[in-house]
Amino acid sequence: MSDPVHEIVIIGGGPAGTFAAMAARQQNPAAIVTLLTDEPCEPYEKPPLSKAVLLGKVTAADAPIAGPGGLSAHGVRLERHAPCAAIDRAARAIVLRDGRRIAYDALVIATGSTARSLPQLPPGMPRVHYLRTQADAHDLYTALRRSRHLLVVGGGLIGLEVAASAAEIGVATTVLEIAPRILARVCDDHTAGIVHDAHRHRGVTIRTGTGLVSAVSRVDGLEILTSAGDAIACDLVVVGTGAAPNDRLGADAGLAIDDGIVVDETCRTSDPAIFAAGDVVRFPAPHGSVRLENWRHAQDQGTVAGRNAAGAREPYVTIPSFWSEQYDLYVQGAGWALTAGERVRRPLEGNSTLTFEISAGRLVYATGINAQRDLASARRLIERQVPVSAAALADPALPLAAMLKRQPAR
Ligand SMILES: Cc1cc2nc3c(=O)[nH]c(=O)nc-3n(C[C@H](O)[C@H](O)[C@H](O)COP(=O)(O)OP(=O)(O)OC[C@H]3O[C@@H](n4cnc5c(N)ncnc54)[C@H](O)[C@@H]3O)c2cc1C
């Protein structure tokens, strides 16, 4: 029989680490669970940072992931200001930047990801902002209120959420997107078109098919040269060009890495005593190994990694999903977009929309705007692999929830 797991250490205070810590304690209430975060605060929700926090409606402190009592209410020891510098796998101990060592029986790496930086607009350059932490959001909140013209580089979810917040505050905003359309990684053309129109309607200029060439600092701002050959004057830039996994700790410790820490279906890395979860992880999925960057994945995979670190042996199975809030649009997606599947659109009223992708008589992906209830049903249709027809999905008179009553596929 293997030794009981007494000391569980979690590195990273995002949703993956926080849910891993709480699940580990639930799985083994006798375990000593310690969560290390390099940030100065209780773990907090990141999604509001680009929306309600920038609009001044909430602060990051209003949304602690572990609830109002924090992690201590769940029996977890939280070490703030505790950046982990190395993993000593032979000694089963982690080394903090201040030299302290903490022994572990099981370790969970949940170090998340970092905003990808552009060489022309390096982090720290005056008037240039990246958005990942509550400190970043605080700085951007202040800068936005002094700005007259914001340039956002990147027409993905975070860039567009920042653009929407800036437009609501009254800052003239331009978005540069190098791809032929916005949201190319997550939405179909029709859904992205509705989002694009909403921005246009609020006065945001979105320039698709246009990249950033260079940036020159001027006395009163920046001049951005674009791939279209023109210059844009602005006094603030936000870069939203994706995220890279914080997998350095794992790589330095000799764990298997492939653009993220590689784990098996139980969230175990190439070292049996080390688990990993969230944005930092590459894991086996139905169509090959993937890395996902969304909140629900971090929460769910963190929970499984925490339980398994405490002695369980559960597989992690997921249907990926995301959401985004821009103006009065609640944009969502669920499933594995295959691009080879058949596309079906369900006409809805107003600025609501639903688009489905079907493959072999099963729903594989759904995106929608202002259609939360339908998206929840679509997610369950995907999960249960219920047989569906294009005609039924396209018919707004047929509730998706009713289709759930059919027999799941065998
Ligand atoms: C501005 C913003 C808005 C978002 N909005 C949405 C949304 O609307 N919907 C959605 O689904 N997803 C959204 N996301 C994505 C979602 O928040 C992430 O996918 C999720 O936070 C990933 O969780 P994680 O725990 O894996 O990593 P993270 O949340 O990145 O947490 C990792 C933590 O580990 C810490 N850390 C890193 N290295 C070390 C170290 N060596 N030692 C100690 N601590 C360390 C980091 O400081 C961080 O606190 C958003 C992300 C951002 C940044």
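These numbers were taken from a predicted model, which means no experiment stands behind them. (Residues numbered from 1 in each chain as written. Predicted model: local features only at pLDDT ≥ 70, side-chain atom pairs only at ≥ 80, totals over all residues.)

A closer look at the overall build of the protein chain
Here is step 1: Broken down by element type, the protein chain carries 9 helices and 26 strands.
Here is step 2: Its C-alpha atoms give the protein chain a radius of gyration of 22 Å, within 12% of the compact-globule value 22 Å for 410 residues.
Here is step 3: C-alpha atoms of the protein chain, sized along the principal axes, occupy 65 × 65 × 35 Å.
Here is step 4: Here the protein chain holds 410 residues, and 47% of them are scored as buried.
Here is step 5: Here the analysis covers contacts within the protein chain between residues at least 6 apart in sequence; of these, 62% occur between residues at least 24 apart. (Helix = DSSP H or I, 4+ residues; strand = E, 2+ residues; numbered from the N terminus. Rg over C-alpha atoms; globule rule 2.2 N^0.38 Å. Buried ≥ 20, exposed ≤ 12 C-beta atoms within 10 Å, placed from the backbone. Contact = placed C-beta atoms within 7 Å.)

Observations regarding the sheet that holds strand E13 (residues 212–218)
Here is step 1: Taking strand neighbours across the sheet as the criterion, the 3 strands line up as E13-E14-E15 in an open arrangement whose pairing is antiparallel. Each edge of the open sheet carries a strand with a single partner, namely E13 and strand E15 (231–234). Direction aside, the axes of adjacent strands within the sheet are offset by 20° on average.
Here is step 2: In this sheet, E15 lies alongside strand E14 (residues 221–226) in antiparallel orientation, the contact comprising 4 bridges. When the sheet's bridge partners are listed, Leu222 is paired in E15 with Cys234. (Pairing = 2+ DSSP bridges. Axes fitted to C-alpha atoms, helices over the stretch in contact; angles between N-to-C directions.)

A look at the domain arrangement of the protein chain
Here is step 1: The domain architecture assigned to the protein chain consists of domain 1 (7–114 + 243–309), domain 2 (117–239) and domain 3 (328–403).
Here is step 2: Spacing between the C-alpha centres of domain 2 and domain 3 amounts to 31 Å.
Here is step 3: Between domain 2 and domain 3, the residue contacts involve 8 residues of the former and 10 residues of the latter.
Here is step 4: By residue class, the composition of the side of domain 2 that touches domain 3 is 5 nonpolar, 2 polar and 1 charged. (Domains from an automatic or database assignment. Nonpolar A, V, L, I, M, F, W, Y, C, P; charged D, E, K, R; others polar.)

Some details on the pairing of strand E24 (residues 342–346)
Here is step 1: Bridge count between E24 and strand E25 (residues 353–359): 5 bridges; the pairing is antiparallel. The residue bridging Arg345 from the neighbouring strand is Thr355, located in E25.
Here is step 2: Remark: 6 residues form the turn of the hairpin made by E24 and E25, two consecutive strands paired antiparallel; Gly350 in that turn has positive phi of roughly 60°.

Some remarks on helix H7 (residues 372–384)
Here is step 1: Helix length check: H7, at 13 residues, gives a terminal C-alpha distance of 19 Å against a target of 18 Å (1.5 Å per residue), a fit within 8%.
Here is step 2: In the core, the buried residues of H7 are packed alongside strand E22 (321–326), strand E23 (329–335), E25, strand E26 (362–369) and helix H9 (400–403).
Here is step 3: Looking one or two residues past H7, Gln385 carries a phi angle of roughly 55°, positive in sign. (Expected span 1.5 Å × (residues − 1).)

Section: helix H4 (residues 189–201)
Here is step 1: With 13 residues, H4 should cover 18 Å at 1.5 Å per step; its first-to-last C-alpha distance of 18 Å lies within 8% of that length.
Here is step 2: Those residues of H4 that sit buried are Thr191, Ala192, Val195, His196, Ala198 and His199. End-on, the buried residues of H4 take up no more than an arc of 155°, which puts them together on one face. Exposed residues lying more than 90 degrees from the buried face of H4 are Arg200 and His201. (Arc of directions from axis to C-beta.)

Topic: the site of the ligand
Here is step 1: As a matter of local geometry, the ligand sits amid 37 residues, with Gly12, Gly14, Ala16, Gly112 and Gly278 nearest to it.
Here is step 2: Looking at the shell around the ligand, its residues break down into 17 nonpolar, 13 polar and 7 charged.
Here is step 3: Each of domain 1 (7–114 + 243–309) and domain 2 (117–239) accounts for three or more of the residues forming the shell around the ligand. (Near = placed C-beta within 6 Å.)

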